[in-house]
Amino acid sequence: MSTAWNTFYRQFFELEGYKNFLVGLEHTAIIAVCGLLLGLIVGCLLATCQMLPKTNGLIKALSKAADVYIALFRGTPMVVQLLLIHFVIFPAIGINIDSVIEAVLVFGLNSGAYVSEIMRGGILSVDIGQTEAGRALGLTYGQTMLRIVLPQAIKNVVPTLGNEFITLLKETSVVSFIAVVDLTKAFQNIANSTYEYIIPYLVLALSYLVLVLLVTGLIRLVERRLRASDKR
Amino acid sequence: MISVKNVYKNFGPKGEIKVLSGTSCEIKKGEQVVIIGPSGSGKSTMLRCMNLLEEPTYGEVWLGDSLLTPADPYLHPEVIMASKTFEKMKNADPDREDADIIAEIKAKDLLKKHEGKAYRAALKAIELESRIDINLARQRMGMVFQHFNLFNNLTVLQNMLLAPVKLKIMSKEEAEEKALALLERIGLLDKKDEYPSKLSGGQKQRVAIIRALVMNPEVILFDEPTSALDPEMVGEVLDLMKQLAEEGMTMVIVTHEMGFAREVADRVLFMADGVIAEEGPPEELFTNPQNPRLQQFLQKVL
Ligand SMILES: Nc1ncnc2c1ncn2[C@@H]1O[C@H](COP(=O)(O)OP(=O)(O)O)[C@@H](O)[C@H]1O
Ligand SMILES: [Mg+2]
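Here the structure is a predicted model, which means the values were calculated and not measured.

Engineer: Before we move on, could you go through the overall build of chain A and cite the residues and values that matter?
Structural biologist: Of the regular secondary structure elements, chain A holds nine helices and zero strands. Of the regular secondary structure in chain A, the N- to C-terminal order runs α-α-α-α-α-α-α-α-α. Reported as C-alpha extents along the three principal axes, the dimensions of chain A are approximately 75 × 50 × 25 Å. Counting over 232 residues, chain A shows a buried share of 44%. Put simply, 75% of the contacts in chain A that link residues at least 6 apart link residues at least 24 apart.

Right, here's the structure in full:
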């Protein structure tokens, strides 16, 4: 065990494996955070498409399109989507961008499908009487949504969105399929160059665990803030 | 003030649940009208058609000179006369009276969606002249719900200020002054910064009533305002409503409080099976009911 530790120590600190680790950490963080932000935007747009009152053909078409989008992204594994974008779709249409950005796109588009379902559930969980009271006062659909329904919906979905973020964070470990150096890849490199697997992978697991615990604490904090602003 | 003209309301994907079947009524300025009737008779639906929380399937709703619904061709003979169907029937038998043809078209529901240029122009003319944006109309009619529906994410004061300020009906200062005066009046000034969850049912409903009042509405619709309250809180809400009535507020009230109806109502409408089966001043309606359904109903509730 102690030789294993020494090997790891040497590789990590003296041979500058930590630089690799920092790059990996940065990529993992960028993909998870930007992916979630993009997912929130995409998810809110999708949920809006599905929930607008179906008064005209355009809205109905948008709603159908959103259904198809969600079915596609939820119906296929993230890795497959990643591979398709990286090796098939982007080369076919001549787009050549950084793999990290590709990963952000895929994670954002993918989590958008989940976020939209979460947002939809959150909005539906707000009593219809809230909307009716807003509309009865003469507020428009948009004003009622923004001022009354969404604030209550978001409070309801913070825990679920937090879970989505944690899932996303852990799933970033598949990006090495398109040659992005993330946390997992960084430790894989260390392990492969020393033929010593135990310590690198234990430290890898520990790294994810620490990240997830940090995020969990952050979510708790936000939840408590939201509850404090409106004791119910 | 409010005219409901031959309103039908069907629910369900194919309109198979028929709730209102050709109801009409007229609410005059300064009048207090109470709607009674058995559960499921369509009282709420009728009230909610007045501010278009439910859109009537056929028929029209007017607020003063303003048409809130799409124009209903069957209520405007000149529209029917401009239709192809009318022309066709007229050509087939030039001697027939116009009124008879119109009656037949109405009875057989013969107007189709696309009835030709003249028909569409006639419809459009009516809508152009009278139809107004529903959001503007709703600013002029308050509504009070059975379950209060105070905005849970806003304080009492914010609840009262949101609509008048956001809709630029008055300045923030003006609205705040008015809201505070109303809160003072109902004795809840000290609750202005509380969230609705901290209020009792009676307090919630009184706040809901003054939330409607801040908007300076021309009429307030009440849908069973005391039905969700504990018995000891019914009085405070009815008292506030009585005060409004004395001040001459136009009110349409769906309620099961027969004592209140007797005391406050200028007119009582009895609904059964989606139509107004009988109406009249409360003394008459309660002491000398004609309709057997009403007699039955009163026996149960009085
Ligand atoms: N949104 C709806 N969808 C389907 N049926 C409805 C809807 N709203 C009301 N109804 C039906 O219409 C009937 C009358 O309802 P309502 O107007 O609430 O009656 P009331 O207020 O007199 O008790 C009831 O049978 C109810 O089930
Ligand atoms: Mg009802």
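Engineer: I'd like a rundown of the packing of helix α2 (residues 17–51) of chain A against helix α8 (residues 183–194) of chain A, residues and numbers included.
Structural biologist: Residues and elements named next belong to chain A. Across the interface, α2 lies against α8 with an axial gap of 7 Å and an inter-helix angle of 160 degrees. As summarised for this structure, α2 and α8 are arranged roughly antiparallel, according to the angle between their axes. Handedness of the α2/α8 crossing: right-handed. Together, Gly 17, Asn 20, Phe 21, Gly 24, Leu 25 and Thr 28 of α2 and Leu 183, Ala 186, Phe 187, Asn 189 and Ile 190 of α8 make up the contact between the two elements. In the contact of α2 with α8, the residues fall into six nonpolar, five polar and no charged.

Engineer: Outline the pairing of strand β4 (residues 58–63) of chain B, listing residues and values.
Structural biologist: Residue and element names in this part refer to chain B. Most of β4 sits out of view: five of its six residues are buried. Here five bridges tie strand β1 (residues 2–11) to β4, and the two strands are oriented antiparallel to one another. Its bridge partner being in β4, Ile 2 is matched across the sheet by Leu 63. Here β4 pairs with strand β5 (residues 66–67) via two bridges, running antiparallel. Paired with Trp 62 across the bridge in β5 is Leu 67.

Engineer: Talk me through the environment of Leu154(B); I want residue IDs and the actual numbers.
Structural biologist: Residues and elements named next belong to chain B. Following the sequence through the fold, Leu 154 ends up in the loop between β6 (141–144) and α7 (156–166). Residues Leu 154 and Met 241 lie 87 residues apart in sequence; the distance between their C-alpha atoms is 24 Å. In contact with Leu 154, not counting residues within four places along its chain, are Asn 159, Leu 162, Tyr 195 and Pro 196.

Engineer: Please provide a residue-by-residue account of the pattern of salt bridges, values included.
Structural biologist: Taken as a whole and judged by the stated rule, the model has 17 salt bridges over all chains. Ionic pairing is found between Glu127(B) and Arg131(B), a salt bridge with its closest N-O pair at 3.9 Å. A relative accessible area of 23% places Glu127(B) in the partly exposed class. Put simply, Glu176(B) and Lys172(B) hold a salt bridge, and the shortest N to O gap is 3.5 Å. In this pair, Glu176(B) and Lys172(B) are both assigned in helix α8 (residues 172–185), four residues apart and thus about one turn of the helix distant. Residue Glu176(B) is classed as partly exposed on the basis of its relative accessible area of 26%. The network of salt bridges with shared partners includes Arg74(A), Glu117(A) and Arg120(A).

Engineer: Go over empty space enclosed by the protein with me, naming the residues and quoting the values.
Structural biologist: One pass over the structure, following the stated rule, counts one cavity of 30 Å³ or more. Its boundaries defined by the atoms lining it, the largest cavity holds a volume of some 40 Å³. Residue lining of the largest cavity: Ala133(A), Ala136(A), Leu137(A), Met143(B), Phe145(B), Ala208(B), Arg211(B) and Ala212(B), and that is the complete set. Sorting the residues of the lining of the largest cavity by element identifies α6 (128–136) of chain A together with α9 (201–214) of chain B as the ones contributing at least two each. Broken down by element, the residue count for the lining of the largest cavity peaks at three residues, all from α9(B). Taken together, the residues of the lining of the largest cavity break down into seven nonpolar, no polar and one charged.

Engineer: Would you mind going over a positive patch on the surface in detail, with residue names and values included?
Structural biologist: All names here are of chain B. Together, Lys 84, Lys 88, Lys 117 and Arg 120 make up a region of like positive charge exposed at the surface. Breaking the positive patch down by element, the ones donating at least two residues are α3 (84–92) and α5 (117–130). Note on Lys 84: relative accessible area 47%, which makes it partly exposed.

Calculation criteria
Sequence order as written defines residue numbering, which begins from 1 separately in each chain. The lettering of chains begins at A and the numbering of ligands begins at 1, in the order of writing. Under the rules for a predicted model, residues below a pLDDT of 70 receive no local features and side-chain atom pairs below 80 are neither given nor counted, while totals for whole chains, interfaces and linings still include all residues. Note: side-chain values were computed over all heavy atoms of the structure, leaving out hydrogens and water. Runs of E in the DSSP output that reach at least two residues are strands. Runs of H or I that reach at least four are helices, and both are numbered from the N terminus. Partly exposed describes any residue whose relative accessible area lies between the buried limit of under 20% and the exposed limit of over 50%, with all areas from a 1.4 Å probe on protein chains only and scaled to the type maximum. For this analysis, residues touch if any pair of their heavy atoms sits within 4.5 Å. Only the stretch in contact is used when a helix axis is fitted, and all axes are lines through C-alpha atoms; the angle between N-to-C directions ranges over 0 to 180 degrees. In what follows, roughly perpendicular refers to angles from 65 to 115 degrees, roughly parallel to angles under 35, roughly antiparallel to angles over 145, and oblique to any angle outside these ranges. Throughout, a crossing is termed right-handed when the near helix is turned clockwise from the far one, and left-handed when it is turned anticlockwise from it by less than a right angle. In this count, Pro and Cys sit with the nonpolar residues alongside Ala, Val, Leu, Ile, Met, Phe, Trp and Tyr, while Asp, Glu, Lys and Arg are called charged and the others, Gly among them, polar. Strands were regarded as paired on the criterion that DSSP finds at least two bridges between them. What makes a salt bridge here is a side-chain nitrogen of Lys or Arg within 4 Å of a carboxyl oxygen of Asp or Glu, nothing more. The definitions used throughout rest on a 1 Å grid laid over the protein atoms alone, on which a cavity is an enclosed set of points accommodating a 1.4 Å probe that cannot get out and a pocket is an open set flanked by protein within 12 Å on both sides along at least five of seven lines; lining residues are those having an atom within 4 Å of a point. Grid points are joined across faces, edges and corners, and a volume is the space filled by probe spheres set on the points. Two distance rules govern patches: like charges are joined within 9 Å, and nonpolar side chains (Val, Leu, Ile, Met, Phe, Trp, Tyr) within 5 Å, applied only to residues with over 30% relative accessible area and no salt bridge. Residue burial considers only the protein chains on display, and all accessible areas are found by Shrake-Rupley using a 1.4 Å probe. None of His or the chain ends enter the tally, which takes Lys and Arg as positive and Asp and Glu as negative. A charge is said to be at NZ when it belongs to Lys, at CZ for Arg, at CG for Asp and at CD for Glu.

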